Amino acid sequence: YMRRSVFATLSDEFSNPRNTTAGAIKQKDARKTARYQLSFFVYDILGRDFETELEKVEWSRAHGLVPVDTKLLKTGEMQGGYDAWVAQRDDVDYEMDGVVYKVNLVREHRRLGATAHHPRYAIAYKFQGDSSKTTLNEVEWSVSRTGTITPVALIEPVELSGAMVSRCTLHNLSRVRELDLTLGATVVAMRRGGVIPHIESVAAPGETPVVVPSTCPSCDSQTQVRRNEQVRGGEVVRVIEFLDCTTPLTCPAAVRGTFEHFARTVDIEGFGPKMVDKLLDSGRLRSLADLYRLTAGSFRDLEGVGEVLAAKLVQNVQERSELPLRVFLAALGVDGLGAVTSEKLAQHYLTLDRILTLEVGALAALDGFQETLAQTIVEGLRATRPLIDDLRTVMTVKDFEVAQVAIEAEAIADQSFVFTGAMATLDRKSAQKAVRERGGRTPSSVTKELDYLVVGDKGSPLLGEGSLSSKHKTAEKYRADGATIQIITESAFLEMLDGRSAPAAEPERAGEPPEERIEAPRLPDDGPAQGELF
């Protein structure tokens, strides 16, 4: 983040600290980034076990790090804590957009769990952002890749939280009707949390009603209203209405978005918006499966595409013609099927055929899937079935990959691996990928917290050949200082991939000090009760 005092020296050049910080991070020259004097808050710590959130804060301070400002509250003090932060919002040297309440006991995090969308042990309360009255000039209807037609308010430009705003999201059809929007109305616009432009209310009505389109603005097909019932405990607690295109599989705007999403998700290089537009406009792409039917000749006469690039584009597609189940599901663009939910479905049901026969009740019973989300996913998969069948004629979905990984993962899950030296069997990228697929981590360097250093068998000092690499020397130094890093051969690592137990730690060498651990500070025995919040 950027301190306010730093931004004060740059305010003549930039509009707000948030966007300035984002731009500074994207600089490729570290010297240019340094000019912005960015700062760092610790908000979580991974790789260590803590009993409470407060321990993480104290551990950070003890190690010279700066944790995000925190306070331990009892449940009855939550409103007072929020009010206190509101009161000092303008006095601290950084911008904030709200308060996060988090359950203090880490064991309660595990018990409460998380949905595919959010954790159940934490919630954010946003401050009210800057607001201003302005005029609603028009409502634009934008077609998404799923065929949902989203209303966007075009307003008379107004400055909010340091930025000029001329467009505000209206979210869905229900929001338009709740506000009873009319063109020419005086509306209250706000950047919620200082970020998202939003129409809060109507101060004075206009004269011209907002017309809900009866045909899709992209393809002229009929539109339809979809009612999404939010269900809790078997009862409908809210109904939200959405406007949909009735032919999303052929609608140009939806198809374009679907192609871009698919290429981005499965990592097919070269198929950005401009290339997709060229292929769609020329009629050479009509469905996702057509990506896999492209030949070098398909690009003939396309502006800016020569023979070499055409061959490369075809190769890029064919290299992604065999996809893991979780990647395939996420790439379809079905509402509710993001990376997390796709991973959960793949791990639980193992095959695409089983997933395609899912019923709403069965999916809703799976941890992390509420009934509304389950219904959205099941209905989305059914509507996408023709596309899925077409794709399976030209590419392969690796149904059982997740199941095989689960069997082999026990020795590697939650462990960290760094590779050094020449590998005799696997290349380094493949080895790292194998670790990550099994739930392990592959940091870029050797630290005291590393679990395994894997030394390649080709010319390995562990096999009596060659000399120690710099990573190997660093690991040996940390071991001498008491770290528990295990240094193993490539062959031993391959045994772990095969599902055999992890190699035993090497015995301490004579004269080496015993392992020394840094313990996080503990709260007093009469510390906070389970109901207290952090």
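Residues numbered from 1 in each chain as written. Predicted model: local features only at pLDDT ≥ 70, side-chain atom pairs only at ≥ 80, totals over all residues. Heavy atoms only, no water.

Asker: Can you break down the nonpolar core residue by residue, with the values?
Answerer: Phe 262, Phe 271, Phe 299, Leu 345, Leu 363 and Leu 391 are the most contacted members of the largest nonpolar core, which has 52 residues in total. At the level of secondary structure, the elements contributing two or more residues to this core comprise helix H8 (252-266), helix H9 (273-281), helix H10 (307-318), helix H11 (325-331), helix H12 (339-349), helix H13 (352-356), helix H15 (371-383) and helix H16 (385-391). In this structure, Val 158, Cys 168, Leu 170 and Cys 216 belong to the second largest nonpolar core, which totals 27 residues. (Core = buried A, V, L, I, M, F, W, Y, C linked by side-chain atoms within 4.5 Å. Buried < 20%, exposed > 50% of the residue type's maximum accessible area, 1.4 Å probe, protein only. Helix = DSSP H or I, 4+ residues; strand = E, 2+ residues; numbered from the N terminus.)

Asker: Help me get a handle on helix H18 (residues 428-437), residues and values and all.
Answerer: Note that an α-helix has 3.6 residues per turn; residues three or four places apart therefore point the same way. Here H18 has its buried residues at Ala 431, Ala 434 and Val 435. Looking straight down H18, one finds that the buried residues subtend no more than 100° of arc, so they occupy a single side. Here the buried face of H18 lies against strand S14 (417-420) and helix H20 (490-497). (Arc of directions from axis to C-beta. Contact = heavy atoms within 4.5 Å.)

Asker: Outline the environment of Glu 307, listing residues and values.
Answerer: Mapped onto the elements, Glu 307 comes out in helix H10. Each C-alpha atom of the pair Glu 307 and Ala 296 lies 7.1 Å from the other, and the pair is eleven residues apart in sequence.

Asker: A description of the packing of aromatic side chains should follow, citing residues and the corresponding values.
Answerer: Enumeration according to the criterion identifies ten aromatic pairs in this entry. With 6.0 Å between their ring centres and 70° between their planes, Tyr 1 and Tyr 94 make a pair best called edge-to-face. In this pair, Tyr 1 sits in the segment before helix H1 (4-7) while Tyr 94 sits in the loop between helix H5 (78-88) and strand S1 (98-102), placing the two residues 93 residues apart along the sequence. The exposure class assigned to Tyr 1 is partly exposed, which follows from its relative accessible area of 29%. Residue Tyr 94 is classed as buried on the basis of its relative accessible area, which comes to 12%. One aromatic cluster is present, formed by Phe 417, Phe 419, Tyr 452 and Phe 493 through successive ring pairs. Above the plane of the ring of Tyr 36 lies Arg 35, whose end atom (NZ or CZ) is 5.4 Å from the centre. (Phe/Tyr/Trp six-rings, centres within 6.5 Å; stacked < 30°, edge-to-face > 60°. Lys NZ or Arg CZ within 6 Å of the ring centre and 35° of its normal.)

Asker: Go over the side chain of His 109, please, and point to the residues and values.
Answerer: Mapping His 109 onto the fold places it in helix H6 (residues 106-112). On the accessibility criterion, His 109 (10% relative accessible area) is buried.

Asker: Account for the packing of H8 against H9, naming residues and giving values.
Answerer: At their nearest, the axes of H8 and H9 sit 10 Å apart, and the two run at 130° to each other. Compared by their axis directions, H8 and H9 come out oblique. With respect to the hand of their crossing, H8 and H9 are arranged in right-handed fashion. Along the contact surface, H8 presents Val 255, Arg 256, Phe 259 and Glu 260, while H9 presents Pro 273, Val 276, Asp 277, Leu 280 and Asp 281. Class assignment of the residues belonging to the contact of H8 with H9 gives a composition of five nonpolar, no polar and four charged. (Axes fitted to C-alpha atoms, helices over the stretch in contact; angles between N-to-C directions. Parallel < 35°, antiparallel > 145°, perpendicular 65-115°, else oblique. Left-handed = near helix turned anticlockwise from the far one by under 90°. Nonpolar A, V, L, I, M, F, W, Y, C, P; charged D, E, K, R; others polar.)

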